[in-house]
Amino acid sequence: APLSAQVEPSVQTVEFGRPATFTCTYRGNPVKSVSWFKDGTPINHKEAVLRIDTVGREDKGMYQCFVRNDQESAQATAELKLGGRFEPPQLTYTFETSTLQPGPSVYLKCVAAGNPTPEITWELDGTRLSNSERMQVGQYVTVNGEVVSHLNISAVHTNDGGLYACVASSTVGSVKHAARLNVYGLPYIRPMDKVAVVAGENMVVHCPVAGYPIDSIVWEKNGRMLPINRRQKTFPNGTLIVEAVERNSDQGRYTCVARNSQGYTARGDLDVQVMAKPDILPFIFPGEVEEGQLIQISCAVTTGDEPITIYWYKDNLSLHSSSDFLVNNMDSKLSILLLRSVNERHSGT
């Protein structure tokens, strides 16, 4: 019998993140090979069943199954559509690292897609950018629902160099792209805001260096070059990591030093505060509870640095004052929860 092929299902609509399966069924003997194409481009799959574990935006399109033997071939086509309400943001166009002399204007562009329509924001060395005299951010939505955002820098200066990022965000997720803009000139370090880190957590900071080329970036504390212990790690790109921070040894002023090959240097200071995390005095409910009873329990914070805010949760949902509950925050370290006229609605954790 002559070769014939069919892909089932011929049209498949799948929600973002869900699996999809196409099966290539064929007739005729013998079949020597099965191959698949997507939108006319071969994909590396030689089995009759094609499975996509988690469907993404890039997976939608037309799929073709080809079956062959020594004498003939046959093919069949199927379509994968994206359905469902939500699709996390995805960047479909991004800018690349660039190196230039001071003076010209710079135009950086990102394009994002998603449902709901994402919003794009811009960052320089981790700090969000807003419109200024020389930096302008603009965005618009195309007819097919993509968001186009651009950052314009007029008459670029050496000090404008750094790690630029575009961030596409919506209620169902966010995605980020970053690349360096290098502008020739002497080393320069942008001012760094004070950092507060919780004791026991890891601290990751980046030195916001401009100028190009830069020969070395190092960190110092109390006049000594880091690392000086096993918890500290420094990287050539100016990143400093301190693991499991401790107040006694890690709080204080850090200095980032950038140097070029001619020996010119720039220095920038970073003040780090290590915060003690809150501890809560354990509370328990009465052993015997009768319906209609009034119960009062307290959340008391015994240690921890201000500012502290106390929240109550029931079964992992935030609790607010209602006809069943009364939350009374006495001060930042003491909160009282009243369960009025206890009934089955109060059962839980």
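Residues numbered from 1 in each chain as written. Predicted model: local features only at pLDDT ≥ 70, side-chain atom pairs only at ≥ 80, totals over all residues. Heavy atoms only, no water.

Observations concerning the overall build of the chain
This is how it is decided: Runs of E in the DSSP output that reach at least two residues are strands. Runs of H or I that reach at least four are helices, and both are numbered from the N terminus. Here the globule rule is a power law, 2.2 Å times the number of residues to the power 0.38, and the radius of gyration is based on C-alpha atoms. Each residue gets one of three labels from its accessible area relative to the maximum for its type: buried under 20%, exposed over 50%, partly exposed in between, using a 1.4 Å probe on protein chains only. Whether two residues are in contact is decided by their heavy atoms, any of which lying within 4.5 Å being enough. Only four residue types enter the tally: Lys and Arg on the positive side, Asp and Glu on the negative side, with His and both chain ends excluded. All charge positions are set by atom: Lys at NZ, Arg at CZ, Asp at CG, Glu at CD.
What the chain contains, in helices and strands, is 1 helix and 33 strands. Relative to a compact globule of 349 residues, whose C-alpha radius of gyration would be 20 Å, the chain shows 30 Å and is clearly more extended. Taken along its principal axes, the extent of the C-alpha atoms in the chain is 85 × 80 × 45 Å. Here the chain holds 349 residues, and the buried ones make up 37% of them. Excluding contacts between residues fewer than 6 apart, the proportion of contacts in the chain whose partners are at least 24 apart in sequence is 60%. In the chain, 32 side chains carry a positive charge and 37 a negative one; their mean positions are 5 Å apart.

Focus on the layout of surface pockets
Cut-off, in case you're wondering: The method works on a 1 Å grid over the protein atoms by themselves. A cavity is a set of points holding a 1.4 Å probe that cannot get out, a pocket is an open set with protein on both sides within 12 Å along at least five of seven lines, and residues with an atom within 4 Å of a point line them. Grid points are joined across faces, edges and corners, and a volume is the space filled by probe spheres set on the points. For this classification, the nonpolar set comprises Ala, Val, Leu, Ile, Met, Phe, Trp, Tyr, Cys and Pro, the charged set comprises Asp, Glu, Lys and Arg, and every other residue, Gly included, is treated as polar.
The computed volume of the largest pocket comes to approximately 630 Å³. Residue lining of the largest pocket: 24 residues in total, with L124, D125, G126, T127 and P208 positioned closest to the centre. When contributions to the lining of the largest pocket are tallied by element, the ones reaching two or more residues are β12 (119–124), β16 (162–170), β17 (173–183) and β20 (203–206). Here the element with the most residues in the lining of the largest pocket is β20; it accounts for 3 residues. Taken together, the residues of the lining of the largest pocket break down into 14 nonpolar, 4 polar and 6 charged.

Brief notes about the sheet that holds strand β3 (residues 20–27)
Let me state the cut-off plainly: If DSSP finds at least two bridges between two strands, the strands pair. Think of each axis as a best-fit line through the C-alpha atoms, taken over the contacting stretch in the case of a helix, with angles from 0 to 180 degrees between the N-to-C directions.
In space, the 3 strands of this open sheet follow the order β1-β3-β6, with antiparallel pairing throughout. Unpaired on one side and paired on the other, β1 (4–8) and β6 (49–52) mark the two borders of the sheet. Neighbour-to-neighbour, the strand axes of the sheet open up by a mean angle of 15 degrees, direction not taken into account.

What about the packing of aromatic side chains?
Inclusion rule: Centres within 6.5 Å are what make two rings of Phe, Tyr or Trp a pair, Trp counting through its six-membered ring; a difference in plane orientation under 30 degrees is then read as stacked, over 60 as edge-to-face, and the rest as tilted. In this scheme, the term charge over a ring applies when either NZ of a lysine or CZ of an arginine sits within 6 Å of the ring centre and within 35 degrees of the ring normal.
The full count for this structure, using the stated rule, is 6 aromatic pairs. For the ring pair F22 and Y63, a centre distance of 5.3 Å and an interplane angle of 35 degrees mean the geometry is tilted. Remark: Y63 occurs in strand β7 (residues 61–68) and F22 occurs in strand β3; sequence separation between them is 41 residues. Like Y63, F22 is buried. Aromatic ring contacts, followed pair by pair, group F283, F285 and W312 into a single cluster. If you follow K109 out to its NZ or CZ, it ends over the ring of Y93, 5.0 Å from the centre. In this structure, K221 packs its charged tip against the face of Y254, placed 5.4 Å from the ring centre.

Observations regarding the nonpolar core
The nonpolar side chains of a soluble globular protein tend to be buried, and buried together. Rules: Think of a nonpolar core as a cluster: buried Ala, Val, Leu, Ile, Met, Phe, Trp, Tyr and Cys residues, connected wherever their side-chain atoms sit within 4.5 Å.
F95, I120, W122, L151, I153, Y164 and L181 are the most contacted members of the largest nonpolar core, which has 22 residues in total. Elements with a minimum of two residues in this core: β11 (106–115), β12, β15 (147–153), β16 and β17. With 4 residues, β11 is the single largest residue contributor to this core. When near neighbours in sequence (up to four residues on either side) are disregarded, F95 contacts L108, K109, C110, W122, Y164, A165, C166, H177 and A179. Counting 20 residues, the second-largest nonpolar core is a separate cluster that includes V205, V209, I217 and A266.

Thoughts on the UniProt feature "domain: Ig-like" (unreviewed entry) in the chain
Test applied: UniProt positions are given in the numbering used here, feature names are shortened, and annotations may be inferred rather than shown by experiment.
Within this structure's numbering, the places UniProt gives as "domain: Ig-like" (unreviewed entry) are residues 2–81, 89–182, 187–271 and 278–349. Note that residues 89–182 is 0% helix and 63% strand, and that its end C-alpha atoms are spaced 28 Å apart. Regarding residues 187–271, the helix share stands at 5% and the strand share at 53%, and the terminal C-alpha atoms are separated by 21 Å.

Here's the deal with the pairing of strand β29 (residues 295–303)
For strand β28 (residues 279–280) and β29, the ladder comprises 2 bridges, and the chain directions are antiparallel. Within β29, the residue paired with I280 across the bridge is V301. Both β29 and strand β33 (residues 334–339) contribute to a ladder of 6 bridges, which runs antiparallel. Bridging across to β33, C299 finds its partner in S335.

Quick word on the state of the cysteines
Quick note on the threshold: The criterion for a disulfide is a pair of cysteine sulfur atoms lying within 2.5 Å.
In this structure the tally under the stated criterion is 3 disulfides. Between the sulfur atoms of C110 and its disulfide mate C166 the distance is 2.0 Å. The disulfide joining C110 to C166 has a torsion of about -75 degrees about its S-S bond and is therefore left-handed. Of the two residues, C110 sits in strand β11 while C166 sits in strand β16, which places them 56 residues apart along the sequence. Across the pair, C166 and C110 agree in class, each one buried. Shown here is the disulfide that connects C207 with C256, its sulfur atoms set 1.8 Å apart. Note on the C207 and C256 pair: the S-S dihedral is about -100 degrees, so by sign convention the disulfide is left-handed. In this pair, C207 is assigned in the loop between β20 and β21 (209–212) and C256 in strand β26 (residues 252–259), connecting sequence segments 49 residues apart. In this structure C256 comes out as buried when scored by relative accessible area, which is 0%. The disulfide pattern of the chain is 1-2, 3-4, 5-6 when the bonded cysteines are numbered in sequence order.

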